[in-house]
Amino acid sequence: MATAPRQQTAGVMAEPRIARIKQPKKVFVNSIDSYSSKYISKLLCECVLGAAGPEEEVEEDQNHSSAAAFQLVGTVSHPSEGDREYVLEEYFLLSREELLSKLMDCDVVLYNISQHAEQLEEALWAVSALHNEMEHFSGPKLFILISTVMTWACSKPVDPDDLELPFTDEIFWSRRPHPNFKQHIDLEKRVVKMGKTNRMLFSTYVVASGLQYGMGEQVFHYYFKNSWLGQEHEISIFGDGKNIIPTIHINDLASVVQNIIEHQPKPYYLIAVDGSNNTMEQIVKAVASELGSGKIQKKPVDEAYLVQDFSVTEIDSMLVNLRMEAVHIKKLLSVSWLCEFGLVENIELVVEEYRQTRRLLPIRLCVLGPPAVGKSTISKKICEHYKLHHITLKDTISETISQLKAAVKNAGPDAKDSAAEAQELLSSLKDAGEQNEGVLDEQLKVLKDKLMSNPCRNQGFVLDDFPKTYEQAKELFEVEEHDGASQTFYSRKISPEFVLYLDASDSFLMDRMINLPERLVQEHSYEPELFLKRLARYRENSTDEETVTNYFVEMDISPLYLEISSSDQPDCSLLMQKIVDTVGQPRNYGPSSREVEEEEERRKAEQRIRREIQERAEEEQKEAEEARSRAERWEEWIKSLEEVRQQEEEQLEALSVPMRSYLMEHVLPTLTQGLTECCRAHPQDPVDFLAEYLLKNNPFEYPQ
């Protein structure tokens with residue numbers, strides 16, 4: 001299997017360590033795609049066969065053989081997408097029977113439970129199953145459990161009178177675990193016990209690992225990320241920060257594992273920590289100083305549980321207070337330490353690893369061109385796209401003066417004089433201005449300090465309209481190194497990677513200047529006479545033998561020439577596309593999983609609101625249509641009802657004509673006379689009187 005070469009980082013990465021392995025071994029690693037197991041596996045894959053003795057013998061043997069000392073197989077939580085070529089086989093969602101078969105084929109079984117508590121049950125099953133199958137082994141097997149120092153978290157002091165006496169692996173039997181890590185210590189004891197049955201056939205080791213750091217970070221990533229982003233001016237420490245944190249670089253932990261496989265020492269319990277004994281405050285302070293402002297603030301421990309980037313296990317680990325010493329490792333193993341004295345002592349190396357591993361590399365650009373060509377507009381668009389810092393000489397000087405004013409205001413009696421002198425000096429430099437291209441050494445120093453600041457070193461910058469001459473470029477970007485003889489080199493920390501040269505015709509620039517708002521004319525000193533002088537001086541400097549463009553060409557930086565011919569938005573978009581094609585993709589943090597979730601929730605909420613508004617509008621429209629339809633139907637019904645009533649009246653009228661005629665002719669005359677007589681007589685019973693009258697005076701009465 002081809003080995004994966006170990007990545008080098010700007011001269012600070014360690015050289016690959018070489019194991020003294022004579023025959024290749026097949027090694028199983030659980031969760032091989034996790035942070036810890038991944039880098040242990042990578043280092044084991046870098047070991048080659050036949051490396052023993054002096055370096056000369058190693059180099060000579062490497063020339064004859066580069067066969068891998070270890071063949072890595074392991075389980076993964078997600079199928080590989082081609083990013084783990086160093087792994088011979090990956091197992092995804094295996095049954096227990098299938099997994100046991102794979103373990104039986106391996107010489108070494110490595111279970112890492114230092115970060116993932118969910119692996120405890122599987123690790124216990126694996127060591128028990130292998131122990132039960134010892135009689136079926138084809139050869140000796142080695143089981144290594146990478147545990148955590150949290151199984152020591154509640155241990156009593158070795159000497160109550162000497163609290164600085166460290167815990168060592170020689171007294172591992174006295175360890176007491178953190179309440180949340182009791183299952184870890186139970187598993188450690190089971191692993192140790194099963195290895196005592198027949199150590200020649202099945203030997204077991206427990207490695208109590210300190211908090212792991214390096215290669216992109218895991219438990220300390222919150223502090224690295226916030227310092228790099230500069231989102232918090234002061235980085236938070238939860239608690240008093242005086243607790244001692246046992247730590248180890250992930251590559252040093254891998255070297256310990258490699259040495260255990262190679263030497264198989266007699267002690268079966270080893271503590272894997274470096275020799276630092278740094279406090280939490282020292283660690284956070286070092287990270288904040290190297291990547292951020294260096295300022296820290298202490299908060300109550302309870303607030304740590306409100307930080308979504310922390311798991312409960314990580315919070316418990318960062319609150320531990322243990323002074324530890326890896327006695328067995330120092331005495332019995334030949335570990336090639338990368339960070340023997342801890343994170344704080346090697347903070348530059350660890351930070352460089354962090355940047356390289358996570359591809360958080362700064363993008364440094366310089367935008368040059370004649371006045372009014374649109375340098376600031378393009379620079380701001382680049383900064384917005386790549387999340388860079390926009391740097392101009394004028395703004396840098398103004399910012400420095402503002403900082404000095406604040407310092408003077410808050411300074412004590414002893415510091416006011418020096419601060420006032422510095423402010424006066426910088427004020428005079430600012431007044432000198434750039435009208436005659438007279439940039440003084442003090443101004444260049446302020447600008448260089450700005451470019452060397454952590455924000456510019458972390459994300460990068462766009463240097464707008466500076467330097468303007470060859471000499472200014474030399475003074476800004478070159479540094480002297482005194483190594484025997486004084487030599488001058490350009491600084492790779494602040495020198496731009498890309499130079500954009502914007503240009504346009506003089507007539508175009510004049511038209512743009514004339515059409516600028518008065519506010520911008522005053523802000524950029526684009527009065528017609530002054531603008532013509534600046535443009536003429538720029539054209540004259542561009543024809544010199546030594547130009548700023550020539551300086552960048554000498555540095556092997558080929559400027560990207562962009563011709564500006566229009567101020568329209570499509571033209572700006574086309575320019576930005578050319579710049580993006582040249583510079584590449586952003587090299588910074590994308591949105592976090594929490595931010596992605598929040599953005600997804602926000603998007604879903606907006607969609608839900610839009611859908612509800614649309615549904616409400618549709619319902620209102622539907623209700624309006626229904627109301628209109630009901631009104632129309634009501635009008636039709638009223639109209640039809642009126643027509644029916646009118647028809648009924650006409651029918652009744654037509655039927656009533658004969659009846660009225662009959663009554664008028666035969667009934668009403670006699671009835672009227674009867675009623676008249678009744679009114680005259682005033683009888684006691686009018687109805688009976690009327691009836692008798694009608695009977696007597698019936699004109700149709702027939703004779704009997």
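Keep in mind it's a predicted model, so treat the numbers as computed, not measured.

**Let's talk about the environment of leucine 502**
- Here leucine 502 shows up in strand S19 (residues 498-503).
- Taking relative accessible area as the criterion, leucine 502 reaches 0% and is therefore assigned buried.
- Between the alpha carbons of leucine 502 and isoleucine 378 there is a distance of 9.4 Å; along the sequence they are 124 residues apart.
- Beyond its immediate stretch of four places on either side in the chain, leucine 502 contacts Val367, Leu368, Gly369, Pro370, Val373, Gly374, Lys375, Ile378, Leu562 and Ile564.

**Some details on the pairing of strand S7 (residues 202-209)**
- When you tally the buried positions in S7, you get eight out of eight residues, the bulk of the element.
- Sheet topology places strand S5 (residues 141-148) next to S7; eight bridges connect them, and they run parallel. Note that in S7 the partner of leucine 145 across the bridge is valine 206.
- In the sheet, S7 pairs with strand S11 (residues 269-272) via four bridges, with the strands oriented parallel. Of the residues in S11, the one forming a bridge with serine 209 is alanine 272.

**Some points on the confidence of the model for the chain**
- Chain-level pLDDT for the chain is 84 on average; 85% of the residues reach the 70-or-more range.
- This stretch, residues 1-20, has a pLDDT under 50; its non-local contacts, to residues over four places away or in other chains, come to 61 contacts.
- In this model, residues 50-65 is a region of pLDDT below 50 whose contacts with residues beyond four sequence positions or in other chains number 17 contacts.

**Let's talk about the packing of helix H4 (residues 120-132) against helix H5 (residues 182-194)**
- As a packed pair, H4 and H5 sit with axes 10 Å apart at the nearest point and diverge in direction by 10 degrees. In terms of orientation, H4 lies roughly parallel with respect to H5. Facing H4, whose interface residues are Leu120, Ala123, Leu124, Val127, Ser128 and His131, H5 presents Gln183, His184, Leu187, Arg190, Val191 and Met194.
- A per-class count over the contact of H4 with H5 returns seven nonpolar, four polar and one charged.

**Focus on helix H12 (residues 347-357)**
- The element H12 is largely enclosed, with a buried count of nine among its 11 residues.
- The complete set of buried residues in H12 reads Ile347, Leu349, Val350, Val351, Glu352, Glu353, Tyr354, Arg355 and Gln356.
- As for H12, its buried residues are in contact with strand S8 (211-213), helix H6 (221-229), strand S10 (247-249), helix H8 (280-291), helix H11 (342-345) and helix H17 (454-458).
- Backbone geometry just after H12 places arginine 359 at a positive phi near 55 degrees.

**Section: the sheet that holds strand S14 (residues 363-368)**
- The strand order across the open sheet formed by five strands is S15-S16-S14-S19-S20, and the pairing between neighbours is parallel. Of all the strands in the sheet, the pair left with one neighbour each is strand S15 (389-391) and strand S20 (560-563). Strand-to-strand, the axes of this sheet are offset by a mean angle of 20 degrees, without reference to chain direction.
- In the sheet, S14 pairs with strand S16 (residues 460-464) via five bridges, with the strands oriented parallel. Paired with isoleucine 363 across the strands is glycine 460, a residue of S16.

**A look at the packing of aromatic side chains**
- Here the structure, examined in full by the defined rule, presents 21 aromatic pairs.
- With a centroid separation of 6.0 Å and 15 degrees between ring planes, the pair formed by tyrosine 111 and phenylalanine 143 is classed as stacked. Of this pair, tyrosine 111 sits in strand S4 (residues 108-112) while phenylalanine 143 sits in strand S5, placing them 32 residues apart in sequence. Judged on exposure class, the residue tyrosine 111 and its partner phenylalanine 143 are both buried.
- Here the aromatic rings of phenylalanine 172 and tyrosine 268 are separated by 5.9 Å at their centres, their planes lie at 80 degrees, and the arrangement is edge-to-face. Taken together, the positions of phenylalanine 172 in the loop between strand S6 (167-168) and H5 and tyrosine 268 in the loop between helix H7 (250-263) and S11 put the pair 96 residues apart, joining distant regions of the chain.
- Judged by relative accessible area, tyrosine 268 falls into the partly exposed class, the value being 22%.
- Connected via pairs of aromatic rings, a cluster forms that spans Trp152, Phe167, Phe172, Tyr268 and Tyr269.
- Above the face of the phenylalanine 137 ring, lysine 141 is positioned so that its terminal group lies 5.3 Å from the ring centre.
- Here the guanidinium or amino end of lysine 225 rests over the ring plane of tyrosine 589, the centre of that ring lying 5.0 Å away.

**Structural notes on the state of the cysteines**
- Counted under the stated rule, the structure contains zero disulfides.
- You can see cysteine 456 has no disulfide; the closest cysteine sulfur is in cysteine 383, sitting 9.6 Å from it.
- Looking at cysteine 456, the relative accessible area reads 2%, which means it is buried.
- Here cysteine 679 is not disulfide-linked; the sulfur of cysteine 678 is the nearest cysteine sulfur, at 5.8 Å.

Each value, and the rule that gives it
Position numbers for residues start from 1 in each chain and track the written sequence from start to end. Local features are withheld for residues below a pLDDT of 70 in this predicted model, meaning they are given only at 70 or higher, and side-chain atom pairs are given and counted only at 80 or more; totals for whole chains, interfaces and linings count all residues. Hydrogens and waters are ignored; side-chain quantities use all the structure's heavy atoms. Helix and strand definitions follow DSSP, with helices as H or I runs of at least four residues and strands as E runs of at least two, each counted in order from the N terminus. Whether a residue is buried, partly exposed or exposed follows from its accessible area with a 1.4 Å probe, protein chains only, as a fraction of its type maximum: under 20%, in between, or over 50%, in that order. It only takes one pair of heavy atoms within 4.5 Å for two residues to be counted as in contact. In this analysis, strands are considered paired if DSSP registers two or more bridges between them. On a range of 0 to 100, pLDDT expresses the predictor's confidence in each residue. The convention used is that axes are lines fitted to C-alpha atoms, helices contributing only their stretch in contact, and that angles between N-to-C directions extend from 0 to 180 degrees. Should an angle fall under 35 degrees it is taken as roughly parallel, and over 145 as roughly antiparallel, whereas 65 to 115 is taken as roughly perpendicular and any remaining angle as oblique. Under the grouping applied here, Gly and all other residues not named as nonpolar or charged are polar, the nonpolar ones being Ala, Val, Leu, Ile, Met, Phe, Trp, Tyr, Cys and Pro and the charged ones Asp, Glu, Lys and Arg. When two rings of Phe, Tyr or Trp (its six-membered ring) have centres within 6.5 Å they constitute a pair, described as stacked for plane angles under 30 degrees, edge-to-face for angles over 60, and tilted for the intermediate range. Definition used: whenever NZ (Lys) or CZ (Arg) falls within 6 Å of the ring centre and also within 35 degrees of the ring normal, the charge is taken to sit over that ring. Criterion for a disulfide: a pair of cysteine sulfur atoms at a distance within 2.5 Å.

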